[in-house]
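Spelled out from the first residue to the last, the chains are:
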Amino acid sequence: MTRFVMSELPSAQQLAEAKETLASSQQALQNISRKIDDAEQTLAEIVASTRCRIDTLTAERATLQREVTLALAYISPIRRLPQELLREVFLISFEHNPKCAWGHASVCALWRRIALSMPKLWSKIRLETTQNDSADTIRLWLERSGMVCPLDIEITLQVSPPASAPSIIKPRTRGRSHSYSYPPPLPSPPLSWSAVPVGQHGPVNITTAGGGLVHYLPPGIFPSTPVVVSPPPHSHSNHSSPQSNAGTSQSVKAIAHWGHIAMYYLTQQMERWERFVFRFDKSFPSISALKSISGSAPLMKHFEVSCSEAGGCFFDNTWSWLPTQQTRLPSLRSFTLSNMPFKWSCPMLSGSGLTSISIRALPISTLSLDRLQHILTSNSETLGSVSLSFPTAQPAILPLTPLTLAALNTLSLSGHHLLAALLDTLILPSLESLSLTLELSRNPEPLEETITSLLLRSHAPPLTSLTLAHGANNFFYATPGPGNGALAPWSFLNQLPMLTHLIVTHSVVEPLLALLAGPEEENNNQWLCPELTVLALRLCHPQSDGVAKLVSLVEARNPDLADAQPPLVAVGVVPTRLKSLELNDCLTVGVDVLGWLKSRVEEVIVIEPAYERRMMSRSPSYGW
């Protein structure tokens, strides 16, 4: 490499030599660059050729893998399983998961064909939905259940705010997957509804708000999708997007008419109803669609319509549906209604031989006690479970008479204090579970006397579970003593030798803890409730010695196993150890007492009173 002295001026000879060197270097550079380009081109051709070969081999491998997969699938033992046995497997799966048919139908063509040919797999409708979802899923479910299989329907509607955006449902994709999806929704439901006569089985034309026409067919003769005749176009006077306005309008109006579409599909198959359950959290725009639940349902054994929100539904005096009509249901055995209108004299309640009645009345209900008793009297020979919750009640118009419910084993009364007068008329020789949640301040006599009288009239029923709760009004000022409704003496517990579960709410509990802590002379030196295993105290008024009495109770019934010291034996009876203890917003036990309780009782649940929880949140060293 030629070196140039840059610090000196070059001579003519040096300039000539430099020019010759430059020319030769430039020629050499061009030659080397040409060789590099040739080598790179050769390398690119080799890479392209090799990549093409690799792609060819990869495609061949994929083809062979598919062939291997198909071959393995073809020779797999499941393909040798006769279709009769596969149907039995589907039926066993159906008993454990009523929605399994959707998964079976998405595995392969054979399984889908078999699942669609078995109406029984589609006879249990289990649907959790919102008004934004298409009600046409119900139509598809009913269509696949055929026209003969009895229907077991359970629908839970989560009411969404009207302004919420419609949910997005991904379309089904074919292929192998461990999960499955419901079928895609059809176009938006009709936007305005016209009443359809009950029993009509032909096509139904529904006119939309914009003038369009939608043809709907009842289950069994549905087309794959509704036929929509679009209305003529119309102009928009505002500057907003027509597509946006149309989408919002469709969503809001679809929400407003979801119930009508769903109930239309369901009531067309009402003669096949064997069990009908419809639950919703609050009133919704199309709640009047429930009026279409009317007519004959000869197979129905269980009927339930429940609203979670007591004040969320408004009903006028003209509300007419199955629980208010004179329709007899010969197979009905279970009736559940929550915050919905009904008539005490309807055949559903008075002539069906019900085994279970559960009614949570509307706040505006003013049913008298004699009419409540009429409901029980009409089913006196068959009733096994009764739950009545009435915020308001009226005194009896006709005299109340003693009523024996020989088969009743579960009773729950809650609400107005007058329900205690209804309890005073009942004779329940088979009663096993009793729950009373009555207002305290207006009860004219101690609830203890009501319970004592019930036990005496019923000749010591085998009661194993007792729940007592007074109304929350003024419960902090309840003091032991006759005439105030407080359960201070608890003398009736000596009549419950088989009691295993005791739950007490809104009451003074110190006297109870003292009585359960061991035999006393006033109880003939006998243990009260020797079989007690579960004790729950909730929202009870604490006193200064409450924790000490609680510790004495646990010490007596659950002695330390390490000391091998058995509980005190009284009249040959050894009490059963407590297995569960709950203190909910009742006593302030502290960390040390809580640890001791957990060492004696298998399950301990403690929720400190609200003011104690605030103190614990400020002190990081205080807690469990």
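Here the structure is a predicted model, which means the values were calculated and not measured.

> Describe helix 14 (residues 590-600), and please don't skip the residues or the numbers.
Buried within helix 14 are the following residues: G590, V593, L594, L597 and R600. Axial view of helix 14: buried residues confined to an arc of 125 degrees, hence all on one face. The exposed set on the far side of helix 14, more than 90 degrees from its buried face, consists of D592 and S599.

> Can you break down the packing of helix 2 (residues 83-96) against helix 4 (residues 109-116) residue by residue, with the values?
In contact at an axis separation of 11 Å, helix 2 and helix 4 are set at 70 degrees when each is read in the N-to-C sense. Taken together, the axes of helix 2 and helix 4 are roughly perpendicular relative to one another. In the crossing of helix 2 with helix 4, the sense of the turn from one axis to the other is right-handed. Taking contact as the criterion, the partners of Q83, L86, R87 and F90 in helix 2 are, on helix 4, L110, W111, I114 and A115. Per-class residue counts for the contact of helix 2 with helix 4 are six nonpolar, one polar and one charged.

> Outline the packing of helix 5 (residues 136-144) against helix 7 (residues 258-267), listing residues and values.
Put simply, helix 5 and helix 7 touch, their axes get as near as 9 Å, and they point 5 degrees apart. With respect to each other, helix 5 and helix 7 are oriented roughly parallel. Seen from helix 5, the contacting residues are D136, I138, R139 and L142; seen from helix 7, they are W258, A262, Y265 and L266. When grouped by side-chain class, the residues that make up the contact of helix 5 with helix 7 number six nonpolar, no polar and two charged.

> Hey, could you go over a nonpolar patch on the surface for me, with residue numbers and the actual values?
Where nonpolar side chains cluster on the molecular surface, the patch consists of V68, L72, Y74 and I75 and spans about 450 Å² of accessible area. Locating Y74 in the fold gives a position in helix 1 (residues 12-75).

> A description of the nonpolar core should follow, citing residues and the corresponding values.
In terms of nonpolar packing, the biggest core is built from 129 residues, with F276, F278, F280, L290 and F303 touching the most fellow members. The greatest single-element share of this core, amounting to seven residues, is contributed by helix 7. The contacts of F278, once residues within four sequence positions are left out, are I155, L157, W258, M263, F284, L290, E304, V305 and S306.

> How would you summarise unusual backbone geometry if you had to cite specific residues and measurements?
For H506, which is not glycine, the phi torsion reads 55 degrees and is therefore positive. With respect to the secondary-structure elements, H506 resides in the loop between strand 16 (501-505) and helix 12 (510-516). In this structure, D585 is a non-glycine residue whose phi angle is positive, near 55 degrees. Its location among the elements puts D585 in the loop between strand 18 (580-584) and helix 14.

> Would you mind going over the confidence of the model for the protein in detail, with residue names and values included?
Confidence along the protein averages 79 in pLDDT terms, with 74% of residues attaining 70 or more. Within the model, the stretch residues 162-240 combines pLDDT values under 50 with 133 contacts to residues more than four positions away or in other chains. Throughout residues 620-624 the model reports pLDDT below 50, and contacts reaching past four residues in sequence, or to other chains, amount to eleven contacts.

> I'd like to hear about the pairing of strand 9 (residues 356-360), residue by residue, with values.
Covered by surrounding structure in strand 9 are I357 and I359 only, the residues S356, S358 and R360 on the alternate face being uncovered. Judged from the five bridges that link them, strand 9 and strand 10 (residues 385-390) form a sheet pairing that is parallel. The residue bridging I359 from the neighbouring strand is L388, located in strand 10. Remark: the strand 9/helix 9 (residues 369-378)/strand 10 crossover connection has right-handed handedness.

> How would you explain the packing of aromatic side chains if you had to name every residue and give the values?
Taken as a whole, this structure holds twelve aromatic pairs when the rule is applied. Ring geometry for W102 versus W141: centroids 5.3 Å apart, planes at 90 degrees, classification edge-to-face. Of this pair, W102 sits in helix 3 (residues 100-104) while W141 is found in helix 5, placing the two residues 39 residues apart along the sequence. Pair check on accessibility: W102 and W141 agree, each one buried. Between the aromatic rings of F303 and W321, the centroid separation amounts to 6.0 Å while the plane-to-plane angle is 55 degrees, which identifies the pairing as tilted. Residue F303 is located in strand 7 (residues 302-307), and its partner W321 is located in the loop between strand 7 and strand 8 (334-338); the two are separated by 18 residues in the primary sequence. The burial state of F303 is the same as that of W321; both residues are buried. Ring-pair connections join several aromatic residues into one group, and the members of that group are W273, F276, F303, W321 and F335. For the cation-ring pair, R144 lies above W122, with the distance from its terminal atom to the ring centre recorded as 4.7 Å.

Basis of the calculations
Residues numbered from 1 in each chain as written. Predicted model: local features only at pLDDT ≥ 70, side-chain atom pairs only at ≥ 80, totals over all residues. Heavy atoms only, no water. Buried < 20%, exposed > 50% of the residue type's maximum accessible area, 1.4 Å probe, protein only. Helix = DSSP H or I, 4+ residues; strand = E, 2+ residues; numbered from the N terminus. Arc of directions from axis to C-beta. Axes fitted to C-alpha atoms, helices over the stretch in contact; angles between N-to-C directions. Parallel < 35°, antiparallel > 145°, perpendicular 65-115°, else oblique. Left-handed = near helix turned anticlockwise from the far one by under 90°. Contact = heavy atoms within 4.5 Å. Nonpolar A, V, L, I, M, F, W, Y, C, P; charged D, E, K, R; others polar. Patch = residues over 30% accessible without salt bridge, like charges linked within 9 Å, V, L, I, M, F, W, Y side chains within 5 Å. Areas by Shrake-Rupley, 256 points an atom, 1.4 Å probe, with all protein chains shown as cover. Salt bridge = Lys/Arg side-chain N within 4 Å of Asp/Glu carboxyl O. Core = buried A, V, L, I, M, F, W, Y, C linked by side-chain atoms within 4.5 Å. pLDDT = per-residue confidence, 0-100. Pairing = 2+ DSSP bridges. Right-handed = clockwise from strand over helix to strand, strands pointing away. Phe/Tyr/Trp six-rings, centres within 6.5 Å; stacked < 30°, edge-to-face > 60°. Lys NZ or Arg CZ within 6 Å of the ring centre and 35° of its normal.

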